[in-house]
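Examining the three-dimensional arrangement
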Amino acid sequence: VDRLTGLRGVSGASRSEEAWRPVLFDLERDEDQAALDALLASGGVRFVHDTLLDQLAELVAAREPRPRWPKEALFARVKAHLGGRDPLTYGTWVFLPWSARLVHVLPREELREVRTDRNRYKITREEQKRLERCRIGVIGLSVGNMAAITFALEGIGASFKIADFDRLSLSNLNRLRSGVQDLGVEKTVLAAREMFEIDPYLEVLPYSQGVNPDNIDDFLIGGGRLDLLVEECDDLYVKVSVRERARLHRIPVIMDTSDRGLLDVERFDREPARPVFHGLVGDLKADGLRGLETKDKVPFFLAIVDGQRMSTRMAASLPEIDHSIGTWPQLASGVALGGAITADVARRILLGEHTESGRYYVDPALIVADGQGMLREPAPPPAPLELSPEAIAPRRLPPAPARDGRVSADAVRFIVALATLAPSAHNAQPWKFRFARGRLECRHDSARDLPNLDFDHCATWVAFGAAFENIVLAAGHLGLAAVPQVFPTPDDPSLVCSVELVPAASARTDPLFSFVTERVTNRKRDARVALDEGDARALASACEGSGGRLELVKSPAELDEIGALMGACDRIVLLNRAMHHDAMHGYRWTRAEVERHRDGLDVASMEFTPAERAGLRLLEQWRTLECLGAIGGGRALEDLSRKAVNAAAAVGLITVPGTGRESYFHGGRVVQRLWLTAASRGLALQPITGLPYLFARLERGQGVGLAPAEQGELTRLRERYARLFEVSQQAAEVLLFRLGRAGPPTARSLRRSLDDVLTLSE
Ligand SMILES: Cc1cc2nc3c(=O)[nH]c(=O)nc-3n(C[C@H](O)[C@H](O)[C@H](O)COP(=O)(O)O)c2cc1C
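Residues numbered from 1 in each chain as written. Predicted model: local features only at pLDDT ≥ 70, side-chain atom pairs only at ≥ 80, totals over all residues. Heavy atoms only, no water.

1. Focus on a nonpolar patch on the surface
Filter applied, for reference: The patch calculation keeps residues exceeding 30% relative accessible area without a salt bridge and links them within 9 Å when they carry like charges or within 5 Å when they are nonpolar (Val, Leu, Ile, Met, Phe, Trp, Tyr). Here the open area of atoms and residues is found with the Shrake-Rupley method and a 1.4 Å probe, where only the protein chains shown may cover a residue. Salt bridges are defined by distance alone: a side-chain nitrogen of Lys or Arg within 4 Å of a carboxyl oxygen of Asp or Glu. Labels follow the DSSP assignment, with helices taken as runs of H or I lasting at least four residues and strands as runs of E lasting at least two, numbered in each case from the N terminus.
A surface patch of nonpolar side chains, about 290 Å² in accessible area, is lined by Leu-170, Val-180 and Leu-183. Inspection of the secondary structure assignment puts Leu-183 in the loop between strand E6 (159-163) and helix H8 (187-198).

2. Focus: the pattern of salt bridges
Keep this limit in mind: Burial classes: relative accessible area under 20% of the type maximum marks a residue as buried, over 50% as exposed, and values in between as partly exposed (1.4 Å probe, protein chains only).
Across all of its chains, the model carries 65 salt bridges by this definition. One salt bridge connects Arg-112 with Asp-199, and the closest N-O pair in it is separated by 2.7 Å. Of this pair, Arg-112 sits in helix H5 (residues 108-115) while Asp-199 sits in the loop between H8 and strand E7 (203-207), and the two are 87 residues apart along the sequence. Residue Arg-112 shares its accessibility class with Asp-199, and that shared class is buried. Glu-390 is the salt-bridge partner of Arg-598, the closest N and O atoms lying 2.7 Å from each other. With a gap of 208 residues between them, Arg-598 in the loop between helix H21 (591-597) and strand E18 (601-602) and Glu-390 in helix H15 (residues 389-392) connect regions that are remote in the sequence. Counted as one network, the salt bridges with shared partners bring together Arg-63, Glu-113, Asp-117, Arg-118, Arg-120 and Arg-125.

3. Some words on the nonpolar core
Quick reminder of the rule: Side-chain atoms within 4.5 Å are what join buried Ala, Val, Leu, Ile, Met, Phe, Trp, Tyr and Cys residues into a set we call a nonpolar core. Between two residues, a contact is recorded if the distance between any of their heavy atoms is within 4.5 Å.
Core analysis: the biggest nonpolar cluster contains 70 residues, and Phe-433, Leu-440, Ile-471, Val-499, Ile-654 and Tyr-664 have the highest contact counts within it. Among the elements that line this core, the one with the most residues is helix H17 (residues 458-477), at 13 residues. If near-sequence neighbours (up to four positions away) are discounted, Val-499 is found in contact with Gly-438, Arg-439, Leu-440, Cys-442, Phe-468, Ile-471, Ala-482, Val-483 and Pro-484. Listed in part, the 58 residues of the second largest apolar core include Val-94, Val-138, Ala-192 and Val-345.

4. Details of the sheet that holds strand E10 (residues 262-266)
In plain terms, the rule: DSSP calls a pair of strands paired once it identifies at least 2 bridges connecting them. Lines fitted to the C-alpha atoms define the axes, with helices restricted to the stretch that makes contact. Angles between their N-to-C directions range from 0 to 180 degrees.
With mixed pairing, the 7 strands of this open sheet are ordered in space as E7-E6-E5-E8-E9-E10-E11. The open sheet terminates on both sides in strands that have one partner only, identified here as E7 and strand E11 (358-361). The average angle at which neighbouring strand axes cross in this sheet is 15 degrees, direction not considered. Bridge count for strand E5 (residues 135-139) against E6 is 5 bridges, and the pairing is parallel. Bridging across to E6, Arg-135 finds its partner in Ser-159. Running at roughly 175 degrees to E7, H8 makes contact with E6 and E7 of the sheet.

5. Brief notes about the packing of helix H19 (residues 556-574) against helix H20 (residues 577-585)
The line we're drawing: Note on terminology: angles under 35 degrees are roughly parallel, angles over 145 are roughly antiparallel, angles of 65 to 115 are roughly perpendicular, and the others are oblique. Residue classes follow a fixed rule: Ala, Val, Leu, Ile, Met, Phe, Trp, Tyr, Cys and Pro count as nonpolar, while Asp, Glu, Lys and Arg count as charged, and any other residue, Gly among them, counts as polar.
One can describe the packing of H19 onto H20 by two numbers: an axis separation of 6 Å at closest approach and a directional angle of 105 degrees. The angle between the axes of H19 and H20 places the two elements in the roughly perpendicular class. Touching Ile-572, Val-573 and Leu-574 of H19 are Met-579, His-580, Ala-583 and Met-584, all from H20. In terms of residue class, the contact of H19 with H20 is built from 6 nonpolar, 1 polar and no charged.

6. Notes on the site of the ligand
Operational definition: Here, proximity means that at least one heavy atom of the residue falls within 4 Å of the molecule or strand. Counted as a polar contact is a pair of N or O atoms within 3.5 Å, where, for protein atoms, one must be capable of donating a hydrogen and the other of accepting one, and residues adjacent in sequence contribute only when both atoms are in side chains.
What surrounds the ligand is a group of 20 residues, the closest being Arg-519, Thr-521, Arg-523, Thr-689 and Arg-751. Between Thr-689 and the ligand, the recorded distance is 2.7 Å, taken from a side-chain N or O atom to a nitrogen atom. Ser-749 is positioned such that a nitrogen or oxygen atom in its side chain is 3.3 Å from an oxygen atom of the ligand. Protein contact buries 92% of the 620 Å² of open area that the ligand shows by itself. Counted by class, the shell around the ligand contains 9 nonpolar, 7 polar and 4 charged residues.

7. With respect to the packing of aromatic side chains
Where we set the bar: Each Phe, Tyr or Trp ring (for Trp, its six-membered ring) is paired with any other whose centre lies within 6.5 Å, and the angle between the two planes then decides the class: stacked below 30 degrees, edge-to-face above 60, tilted in between.
As enumerated under the stated definition, the model contains 12 aromatic pairs in all. A centroid spacing of 5.0 Å and a plane angle of 85 degrees characterise the contact between Trp-461 and Phe-487, whose relative ring orientation is edge-to-face. On the criterion of sequence distance, the pair formed by Trp-461 in helix H17 and Phe-487 in the loop between strand E14 (480-486) and strand E15 (495-503) is long-range, its members being 26 residues apart. Accessibility assignment for this pair places Trp-461 and Phe-487 in one class, buried. Ring geometry for Tyr-587 against Trp-589: centres 5.8 Å apart, planes inclined by 45 degrees, an arrangement best described as tilted.

8. Thoughts on unusual backbone geometry
A cis geometry characterises the amide bond from Arg-120 onward to Tyr-121, with omega recorded as -5 degrees. Mapped onto the fold, Tyr-121 is located in the loop between H5 and helix H6 (125-132).

9. What to know about the environment of Asp-164
The topology assignment puts Asp-164 in the loop between E6 and H8. Classification of Asp-164 by relative accessible area gives buried; the value is 10%. Sequence-wise, Asp-164 and Arg-673 are 509 residues apart; in three dimensions their C-alpha atoms are separated by 83 Å.

10. Re helix H27 (residues 708-722)
The criterion, for reference: To estimate how far a helix should reach, multiply one less than its number of residues by 1.5 Å. Each C-beta atom gives one direction from the helix axis, and the arc is the one those directions make.
Its 15 residues place the ends of H27 21 Å apart at the C-alpha level, agreeing with the 21 Å of an ideal helix rising 1.5 Å per residue. Those residues of H27 that fall on the buried side of the exposure criterion are Glu-710, Glu-713, Leu-714, Leu-717, Arg-718 and Tyr-721. Axial view of H27: buried residues confined to an arc of 150 degrees, hence all on one face. Of the exposed residues in H27, those oriented more than 90 degrees away from the buried face are Pro-708, Ala-709 and Arg-716.

11. Looking at the state of the cysteines
The condition is simple: Counting rule for disulfides: a pair of cysteine sulfur atoms within 2.5 Å.
Going through the model one piece at a time under the given rule, you end up with 0 disulfides. The thiol of Cys-497 is unpaired, and the distance to the nearest cysteine sulfur, on Cys-442, comes to 4.6 Å. Here Cys-497 falls in the buried class, since its relative accessible area comes to 0%. Left without a disulfide partner, Cys-543 is nearest to the cysteine sulfur of Cys-458, which lies 18 Å away.

12. Notes on the side chain of Glu-266
One can find Glu-266 in strand E10. Classification of Glu-266 by relative accessible area gives buried; the value is 0%. Each residue touching Glu-266, except ones within four places of it in the same chain, is listed here: Arg-243, Pro-252, Val-253, Pro-275, Val-276, Phe-277, His-278 and Ser-357.

13. Section: the sheet that holds strand E22 (residues 758-761)
The strand order across the open sheet built from 5 strands is E14-E15-E13-E12-E22, with neighbouring strands paired in mixed fashion. Two strands in the sheet have a free side with no partner beyond their single neighbour: E14 and E22. Direction aside, neighbouring strands of the sheet carry axes that sit 20 degrees apart on average. In terms of strand pairing, strand E12 (residues 431-436) meets E22 through 4 bridges, oriented parallel. Bridge assignment links Ala-436 to a residue of E22, and that residue is Ser-761.

In structure tokens, the structure reads:
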């Protein structure tokens, strides 16, 4: 072993009780191979551990996570990764002299990648790399041992200096993670071994004489300045002097005092004039402590740990020192907690998330205490999805008036009730109706806008167009004609449409009329059934007959592509704060919410699986999406639309000439006629309209509200979309939807009551 450590030019001790440095062999190098052969021949190796192939399998799976990796596929990838190299010589063989074990591990970068893989995304890869570059010093290896081990486990720092002059004694074993076999061994050695067993590639430099005036600067800045110092020693002189030097070298110091989870953060890196210990010991200098007797140091200790705030047990223990106990008490729980808090805070300091100096108590006895618990009473389980009876009943209409061509109050109520059955994006129902002197005004209620999603109110005007088409159908059924003026008064922009109701030459019920109450958004995802040609023709002619145009995409490859584009659009929307707000705030999660609001999206109508519903609840919180965006995630946000299109027979795009608000209003009429035609043929239809409305924002709105990266991605999506649909700058893309055969929807969206939306004055 001596010869082997010499191989690397290191000076690890040869006696196995004191050996702390692993010996690394790279078997691609002849001299390492020879040295390993010699070691094996010497009988120094008692155990050999070779799980390299399993480690490689984990590496492959970490780089490409799948719900389940078939074993053969995984090992085929492992083989590809090895690229013909002999697994035996791949990576590193590590000899741990203190346990006579020889262990085969991945090369450094790969070992670290797999070892910290489960940190993602509490720690991102990029953050992990930054943490790895940090140099950490730990003085005092009681709490400090726990901190150092936790740092090594979590991957905070890859270069450590650890100092303690003490050896392990039996009475340390109430709090130090070691065993009786290690009694008498240096604490630095024990910590170093454990750290190397976690990551044999670490740099760990033990200072087994502790730190003193002669080596303190070497400890803090030798070979590169520490990024952080964890100070956990008992010696008051050392405590003060390392702070003085750390302040000089601008190194932040953290200290946990394993009583009440007391943690101190001193940001000497940011506050080079800050007094040590927050000023609690005045301008005490380390030099002033030299030669002081223990009893004279007591006031300083008490000032530092704040005697008034220490735990009662600790306070009562102090006078007992040297009488009934030898030193102050420390518990494993306190030391373990200290290690955890120290590592957590260190990580946030090193990543720039925590910037202040300060004192904190992470006191479990206060946090987990009688009277403090959440859920002290058993909570009811989450309510199962309860449907509103109205959402499953046939549409209720006011009493049907006489079909005598008279514009009675009943006739108006009937007509407006049918108008409100029109679809609107997010079921926003953006309308108010007022009837007076033979005229029905359809007004825009801007309080119901979705400004971040609905570019230029285009979707709003579509809803109005659809509502107006219902007015025409209802009026016709009653023997009336509805004569519209669309956006008649430039100085009254809320008046979308003024409809004159006049007796018609003859009562005529359009065959589509009876489907106004049937039409529904059906988001069921039953298996794909190819679109019938007759259905396709009927839909196209419904569009063309009302001045619109329909394009259908039907081939599986094209459907896959449009599903991918729609999914990407969902991701962009949800990762954009303003659009996320609009997309999420309209969901109604319970029957009570559905019935109270009578607008928005009843989640029961979304046909989500329970897992999807639970997932969406998480996505409701912007902070989740913000973090998802920051780590470059979000692919899962694409799944819903992909799955929806996967179940569809076709995806259709309705366009009308022009791009002004009148075009969208006209488009709404076309939409409604097409949708009613689909209903008449038993076809399920679901708009998925994000794409065309975002494209309009991008092209006609110069990308307002979209970040440059979002604009860039949308531009690329637009190019792919234009390969599927004929698009032009002179036409409005009013509705993109999927179509297919499916069972009846689980729930229909409610409508606000007529009294809320209609004012009738004679
Ligand atoms: C312009 C417009 C855009 C829409 N966009 C979507 C959409 O992207 N996804 C969706 O599931 N439903 C969409 N819908 C359907 C509405 O959510 C639905 O019409 C509303 O909730 C009322 O339900 P109903 O159609 O069953 O009456 C849209 C409707 C319109 C009019």
